[in-house]
Amino acid sequence: MKVLVIQQKMIGDVLLSTVICEAIKTAYPQCEVHYMIHPNTLAVVDNNPFIDRIVVFDSQLSGGFLGLVKLGQSLKVEKYNVVIDAYAKLESLIPTLLSAAAKRIGFKKWYSWIFYTKSIQREEGNLNNALVHRLLLATEVTGNTIKPIFPQIYLSEREKEVAAEKIKESIGNDKKLLMISVLGSNKKKSLPASQMAETLDFVAAQTNATLLFNFLPNQLEEATKIYNLCKPETQAVIELDFYTKSLREFLAILSQCQALIGNEGGAVNMAKALSIPTFTIFSPWINKDSWSMLTEQHNHEAVHISDYYPELYSDINPKKYKGQSTFLYQKLELQRYSEKLKNFLE
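The numbers attached to residues start from 1 for each chain and follow its sequence in the written order. Reporting in this predicted model follows two pLDDT cut-offs: at least 70 for local features of residues, and 80 or more for side-chain atom pairs to be given and counted; totals over whole chains, interfaces and linings ignore these cut-offs and use all residues. As a rule here, side-chain values come from all non-hydrogen atoms in the structure, and water together with hydrogens is ignored.

Draft legend 1. Spatial organisation of the sheet that holds strand E3 (residues 53-56). Ordered in space as E3-E2-E1-E4-E5-E6, the six strands form an open sheet in which the pairing is parallel. Each edge of the open sheet is held by one strand with a lone partner, namely E3 and strand E6 (118-120). Going from strand to strand, the sheet's axes swing by 20° on average, the running direction of each strand aside. Of the strand pairs in this sheet, strand E5 (residues 103-107) and E6 are connected by three bridges, and their pairing is parallel. Opposite Phe107, over in E6, you have Ile120 as the bridge partner. The contact rule is simple, with two residues in contact once any of their heavy atoms fall within 4.5 Å. The angle between two axes is taken between their N-to-C directions and runs from 0 to 180 degrees, where each axis is a line fitted to C-alpha atoms and a helix contributes only its stretch in contact. Helix and strand definitions here come from DSSP, where helices need a minimum of 4 consecutive H or I residues and strands a minimum of 2 consecutive E residues; each element is numbered from the N-terminal end. Where helix H5 (residues 90-98) meets the sheet, it contacts strand E1 (2-6), strand E4 (82-85) and E5, and its direction lies at approximately 165° from that of E4. Docked against the sheet, helix H7 (residues 129-142) engages E4, E5 and E6, running at close to 160° with respect to E5. At least two DSSP bridges between two strands are needed for those strands to be called paired.

Draft legend 2. Inspection of the pairing of strand E2 (residues 32-37) at higher detail. The classification of residues rests on relative accessible area computed with a 1.4 Å probe and restricted to protein chains. Under 20% of the type maximum is buried, over 50% is exposed, and intermediate values are partly exposed. Across the six residues that make up E2, a large majority, five, are buried. Two elements, E1 and E2, share five bridges in a ladder whose sense is parallel. Across the sheet, the residue bridging to Leu4 is His34, located in E2. Strand direction decides the pairing type here: E2 and E3, joined by four bridges, are parallel. The residue of E3 that forms the bridge with Ile37 is Val56.

Draft legend 3. Just the packing of helix H8 (residues 157-170) against helix H12 (residues 247-254), in detail. At a minimum axis distance of 8 Å, the contact between H8 and H12 shows a crossing angle of 75°. If you check the angle between H8 and H12, you find them roughly perpendicular. On the side of H8, the interface is formed by Glu159, Ala163, Lys166 and Ile167, while H12 contributes Arg248, Glu249, Ala252 and Ile253. Asp, Glu, Lys and Arg are counted as charged, while Ala, Val, Leu, Ile, Met, Phe, Trp, Tyr, Cys and Pro are counted as nonpolar; the rest, among them Gly, fall into the polar class. Of the residues that constitute the contact of H8 with H12, the class distribution is four nonpolar, no polar and four charged. Between 65 and 115 degrees an angle is taken as roughly perpendicular, under 35 as roughly parallel, over 145 as roughly antiparallel, and anywhere else as oblique.

Draft legend 4. Region of interest: H8. To estimate how far a helix should reach, multiply one less than its number of residues by 1.5 Å. Taking 1.5 Å per residue, 14 residues should reach 20 Å; H8 reaches 20 Å between its end C-alpha atoms and fits that length. Once H8 ends, the next one or two residues include Gly172, with phi positive near 100°.

What follows is the structure, given as structure tokens:
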């Protein structure tokens, strides 16, 4: 059997959908499993033993309708028995249909009958929906209910050694390291600067650790603003300019940290996939129940405004608060979660 799993775009989604590959490969070890992803997400799947081949989605070659048609035709040549579309948008729907696979599986939408031979209904209201829904797609292939699994990132021992050497040369090895997800992917997914600075002051006061700021190159100005809002004693333990050359190198550095603290996003999922403890601050418009995976374990914690103002979410989908995220973030004061954060740090 030959299976293609498609998951486009974000790093966190690509990492999470590796559980589909793992579930199928575990059930059928002789099955050939291919995984279609964007090139900027390759680092989180490198060395994954449950993936036989990476199919890179090249936006330049596969962009536009004609490009997607050509991609679909190339997939048809591969003669896949099964194609699982975990993305369910135009750039995956058309290639899925044109692959001509006997089984084409994806999530149920009003238009899904056109593209899939089997549409899977999401089971809303469950914890860890993002993970549960992906395993439902795999179940359609294995035929059996799959025991919950969480994705892993596979680093070589050499990659870890090089990371440890870099840390020793740049920082020293006498302090613990905390990775700080100081900014989310955008402002609506980022705790406001003053509140993040206050949180970091609290972390620095509770620990004898070096804080490594994690942010994108185009977020330097925002990260510097947060740094400047911190107390001088906090600034003294922050590494603002500890750069890595690639995502894979970042993962190796992350593997040497004692924990990751900060905004919800791909870095949190990567830390969990490396078995690094996490303390996650969710945006008001993100569904915590879907993405706060592994928080039933003591080494992962998460906070969301719904924990303190549940009445705001009693009959409202969190996504409806996207335009009000800045206002609602203000209600997520440090005093609300300081005890939980203190216990996590201890």
